[in-house]
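Read off the chains here:
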Amino acid sequence: MKHYLNIKDLKNLQQTVKEAVQLKENELEFQDLGKGKTICLLFFNNSLRTRLSTQKAAQNLGLNPIVMNFGSEGWQLEFEDGVVMNQNKSEHVKEAAQVIAQYCDIVAIRAFASLTDKEKDLAEIVLSNFEKYAGIPVVNMESATGHPLQALADAITMEEFKVPHKPKVVLSWAPHPKALPQAVANSFVEMMQLQDADFVITHPEGYELDENITKNSKIEYNQEKAFENADFVYAKNWSNFNDYGKVLNEDENWMITADKMKLTNNGKFMHCLPVRRNVVVADEVIDSANSIVIQEANNRTYSAQIVLKKILENL
Ligand code: AN0
Ligand code: CP
């Protein structure tokens, strides 16, 4: 594998999930693979899990990680061609990407959606420019439109908690006071489309995700109906895609509660974290034995590690 920008960059999701579960049993098995090699992790936004688990994954493979909080400590980058750079942007991505590529063998980038400029977000200006100018493998640590390391960790987690029948999996919108990106939901949808499952997306009317991503995935506007017999409930807020970046509905009624979880088939509760308690999910749900959010976060290490392993094997 050259780049990991989208879950579809994996040749075979099911096979990769199995490999990750195996890797987890002996995480230091490939310690020599990354020896003498470096990965730069560039963060244009905050992070807890991605930052720590990707470093851990790199170290498990013998890779040397260099982490930079680009958003707060780097020069502000210009991404447009041919502009007169007499405003607040100090450096063009053309130079920055080429320079960074001299210091490392792989570059991993977190650059959230602006949620103000839909066209630029859909064009993935940060990731695509680094891909164009760096000339080394690029890993997506949550971009404007996707979070494929999270979706792979989610797939690994569902494999570990699998049920003895075709699972019913529900992606449920949940309320949030701030406008959040669609990235996590997008990648979860794309991952579920590669699984043998009864997959349902539920959200208030008007909160449709990008049709180019949801395609013909089932949408059920009645949240309680969607929850019936679910084996996994994956909660996530996202801001409006059509009225781009807007919070149109803070409907508290969409919070994941114990009463709603009672409608499921003893369903497991999942969330990528960070999560706002008693806004997105009630304490009694996230604190219940059916909540697997901590195990899910642990799998971020093995999701990153299997991805970095595949990239290193191809260097
Ligand atoms: C981010 C998001 O919703 O995309 C990151 C999630 C992994 N969440 C927040 O900013 C709270
Ligand atoms: N789930 C996730 O990506 O968490 P962080 O934003 O803390 O990295």
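First, a word on scope: everything that follows refers to the structure included in this document. Keep in mind the model is a prediction, meaning the values are calculated, not measured.

So, how was this worked out
Note that residues are indexed from 1 along each chain, following the sequence as it is written. As a convention, the first chain written is A and the first ligand written is 1, with the rest following in written order. Owing to the predicted nature of the model, reporting of local features is limited to residues with pLDDT of at least 70; listing and counting of side-chain atom pairs is limited to 80 or more, with chain, interface and lining totals taken over all residues. Computation of side-chain values covers all heavy atoms of the structure but excludes hydrogens and water. In these notes, residues near a molecule or strand are those with any non-hydrogen atom within 4 Å of it. Pairing of N or O atoms within 3.5 Å defines a polar contact, subject to two protein rules: one partner must be a possible hydrogen donor and the other a possible acceptor, and residues neighboring in sequence count only if both atoms are side-chain atoms. The protein chains shown are the only cover counted for residues, whose accessible areas, like all others here, come from Shrake-Rupley with a 1.4 Å probe. Amino acids outside the nonpolar list (Ala, Val, Leu, Ile, Met, Phe, Trp, Tyr, Cys, Pro) and the charged list (Asp, Glu, Lys, Arg) are all regarded as polar, and Gly is one of them. Under the DSSP-based scheme used, a helix requires at least four consecutive residues in state H or I and a strand at least two consecutive residues in state E, with every element numbered from the N terminus. Partly exposed residues are those whose accessible area sits between 20% and 50% of the maximum for their type, while under 20% is buried and over 50% is exposed, using a 1.4 Å probe and protein chains only.

**Topic: the site of ligand 1**
Every residue close to ligand 1 is listed here: Phe 112, Glu 142, Leu 180, Pro 181, Lys 236, Cys 272, Leu 273 and Pro 274. Glu 142 places a polar side-chain atom, nitrogen or oxygen, 2.6 Å from an oxygen atom of ligand 1. Within the side chain of Lys 236, a nitrogen or oxygen atom sits 2.7 Å from an oxygen atom of ligand 1. Burial of ligand 1 by the protein chains amounts to 83% of its free accessible area of 330 Å². Residues of the shell around ligand 1, tallied by class, amount to six nonpolar, no polar and two charged.

**Describing the side chain of Ser 187**
With respect to the element layout, Ser 187 can be found in helix α8 (residues 183-192). Accessibility expressed as a relative area gives 2% for Ser 187, which makes it buried.

**Topic: the site of ligand 2**
Taken together, Ser 47, Leu 48, Arg 49, Thr 50, Arg 110, His 147, Gln 150, Cys 272, Leu 273 and Arg 300 form the complete shell of residues around ligand 2. For ligand 2, an oxygen atom lies 2.9 Å from a polar atom in the side chain of Arg 49. Side-chain polar atom of His 147 to an oxygen atom of ligand 2: 2.9 Å apart, as the coordinates give it. The protein chains hide 94% of the 260 Å² of surface that ligand 2 would expose on its own. Its residues assigned to classes, the shell around ligand 2 shows three nonpolar, four polar and three charged.

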